[in-house]
Amino acid sequence: ILIYHTHTWEAYRQTDERYQETEKWRTKDERYNVVAVGEALTRSLTALGYTVVHDTTAFEPPKLADAYARSLTMLEQRTASGETYDLYIDLHRDAISSTSTIRRTVNIGGEDAARFMVLAANLHIAGLLTDKLEAQCEGLSRDVKVRTGRFNQHIAPRCILIECGTNENTLEEVLCGIPYLAQAIAETLDALEAETMSNEE
């Protein structure tokens, strides 16, 4: 599994343990931005037996608008060198306004966990992952968001973009949900493998 972050400096709501902002809702401090979420997901997936590569390259500088071009270059370089993955995950943090009525958290295991949303080019994988999240806790995922942009998901058949919480969530709330996301990813890969084997018979 490859995990990377096109928008590497996306960060969460400030708490008592404050981080230095590079701009609103962003920090280059990897202890507080979405890279910390990627580290947690890497640990959880590794514990489940997966080999995970976590690319922490900062793709935002020098200009945020060009970040997808730079992450695509990374993906193309890995492909050219012969690397292949069962799943490519671009891990993000969603952005909402403070007046948004989107539900921020769900209570799971007695703790408040941020919700996840899959942004899809591959609707089948997005639907599977969303269903696996919902099976663990109703409301843990938001509806799949279908966008017309490719978001580099054309690089391989199994690419997904996952929004881990929003700027209105704390990092702690996001990290609370990561073990459940890892489990949902594992179950999604199992389901895809079963489909592949069934198609080959």
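Above this text sits the structure in question.
Residues numbered from 1 in each chain as written. Predicted model: local features only at pLDDT ≥ 70, side-chain atom pairs only at ≥ 80, totals over all residues. Heavy atoms only, no water.

Engineer: Explain the overall build of the chain to me, and be specific about the residues and the numbers.
Structural biologist: Across its full length, the chain carries four helices and eight strands. From first element to last, N terminus to C terminus, the chain shows the α and β order β-α-β-α-β-β-β-β-α-β-β-α. The globule rule puts the C-alpha radius of gyration for 201 residues at 17 Å, and the 16 Å found for the chain is close to it. Seen through its C-alpha atoms, the chain measures out along the principal axes to roughly 55 × 40 × 35 Å. The proportion of buried residues among the 201 residues of the chain is 52%. When contacts within the chain are restricted to residue pairs at least 6 apart in sequence, long-range pairs at least 24 apart make up 75% of them. With the model as given, the accessible surface of the chain reaches about 9800 Å², and the carbon-plus-sulfur share is 47%. For the chain, the distance from the average position of its 20 positive side-chain charges to the average position of its 32 negative side-chain charges is 7 Å. (Helix = DSSP H or I, 4+ residues; strand = E, 2+ residues; numbered from the N terminus. Rg over C-alpha atoms; globule rule 2.2 N^0.38 Å. Buried < 20%, exposed > 50% of the residue type's maximum accessible area, 1.4 Å probe, protein only. Contact = heavy atoms within 4.5 Å. Areas by Shrake-Rupley, 256 points an atom, 1.4 Å probe, with all protein chains shown as cover. Lys, Arg positive; Asp, Glu negative; His and termini not counted. Charge placed at Lys NZ, Arg CZ, Asp CG, Glu CD.)

Engineer: Run through the nonpolar core, naming residues and quoting values.
Structural biologist: Counting residues in hydrophobic clusters, the biggest one holds 41 residues, and the most contacted among them are Leu41, Ile89, Ile162, Leu181 and Ile185. Secondary-structure elements contributing two or more residues to this core are α1 (34–47), β3 (88–94), β4 (105–108), β5 (111–114), β6 (116–120), α3 (123–136), β8 (159–166) and α4 (171–200). The element contributing the most residues to this core is α4, with 11 residues. Setting aside residues up to four positions removed in sequence, Ile162 forms contacts with Ile89, Asp90, Leu91, His92, Phe116, Met117, Leu129, Leu181 and Ile185. Residues Ala67, Tyr85, Tyr88 and Cys159 belong to the second largest nonpolar core, which totals 10 residues. (Core = buried A, V, L, I, M, F, W, Y, C linked by side-chain atoms within 4.5 Å.)

Engineer: Describe the packing of aromatic side chains, listing the residues and the values that go with them.
Structural biologist: Under the criterion given, the structure shown has three aromatic pairs. Measuring from ring centre to ring centre gives 5.4 Å for Tyr68 and Phe151, while their planes differ by 65°; the resulting arrangement is edge-to-face. Here Tyr68, found in helix α2 (residues 67–80), pairs with Phe151, found in the loop between β7 (145–146) and β8; they are 83 residues apart in sequence, far enough to count as distant. Above the face of the Trp25 ring, Lys24 is positioned so that its terminal group lies 4.7 Å from the ring centre. (Phe/Tyr/Trp six-rings, centres within 6.5 Å; stacked < 30°, edge-to-face > 60°. Lys NZ or Arg CZ within 6 Å of the ring centre and 35° of its normal.)

Engineer: Talk me through α3; I want residue IDs and the actual numbers.
Structural biologist: Residue pairs three or four apart in sequence face the same way in an α-helix, which turns once every 3.6 residues. The end-to-end C-alpha separation of α3 is 20 Å, in line with the 20 Å expected for 14 residues at 1.5 Å each. Buried residues along α3 sit in contact with β6, β8 and α4. You can read the cap of α3 off the contacts: a side-chain oxygen lies 3.2 Å from the backbone nitrogen of His124, and it is on Asn122. (Expected span 1.5 Å × (residues − 1). Polar contact = N/O pair within 3.5 Å; in protein donor to acceptor, adjacent residues only side chain to side chain.)

Engineer: Describe unusual backbone geometry, listing the residues and the values that go with them.
Structural biologist: Note the cis peptide between Pro61 and Pro62, where omega equals 5°. Mapped onto the fold, Pro62 is located in the loop between β2 (53–54) and α2. One non-glycine residue, Trp25, adopts positive backbone phi at about 65°. Within the element layout of this structure, Trp25 appears in the loop between β1 (2–4) and α1. If you check the backbone angles, Asn152 has positive phi at about 65° while not being a glycine. Mapped onto the elements, Asn152 comes out in the loop between β7 and β8.

Engineer: I'd love a proper account of the pattern of salt bridges, names of residues and values included.
Structural biologist: Scanning all chains against the criterion turns up seven salt bridges. For Lys63, the salt bridge is made with Asp66, and the minimal N-O distance between the two is 3.9 Å. Here Lys63 falls in the partly exposed class, since its relative accessible area comes to 47%. Between Asp94 and Arg142 there is a salt bridge, with its nearest N and O atoms 2.9 Å apart. (Salt bridge = Lys/Arg side-chain N within 4 Å of Asp/Glu carboxyl O.)

Engineer: Which residues make up the side chain of Thr130, and what values go with them?
Structural biologist: Among the secondary structure elements, Thr130 is positioned in helix α3. Take Thr130: its relative accessible area is 10%, and that puts it in the buried class. Thr130 has contacts with Val118, Ser141, Arg142 and Val144, leaving out every residue within four places of it along the chain.

Engineer: Now, about α4: what can you tell me, with residues and values included?
Structural biologist: Taking 1.5 Å of rise per residue, the 30 residues of α4 would be expected to cover 44 Å, and the 43 Å separating its terminal C-alpha atoms lies within 8% of that figure. At Ile178, α4 is bent by approximately 35°, the largest bend along its length, and proline Pro179 sits one to four residues beyond. (Bend = angle between axes of the 7 residues up to and from the residue.)

Engineer: Describe the sheet that holds β8, and please don't skip the residues or the numbers.
Structural biologist: The six strands lie next to each other as β2-β1-β3-β8-β6-β7, forming an open sheet whose pairing is mixed. Bordering the open sheet on either side are β2 and β7, each of which pairs with just one other strand. As paired elements, β6 and β7 share two bridges and run parallel to each other. Residue Ala120 lies in a different strand from β7, and its bridge partner there is Val146. (Pairing = 2+ DSSP bridges.)

All quantities given are derived from atomic positions and should not be read as evidence of function.
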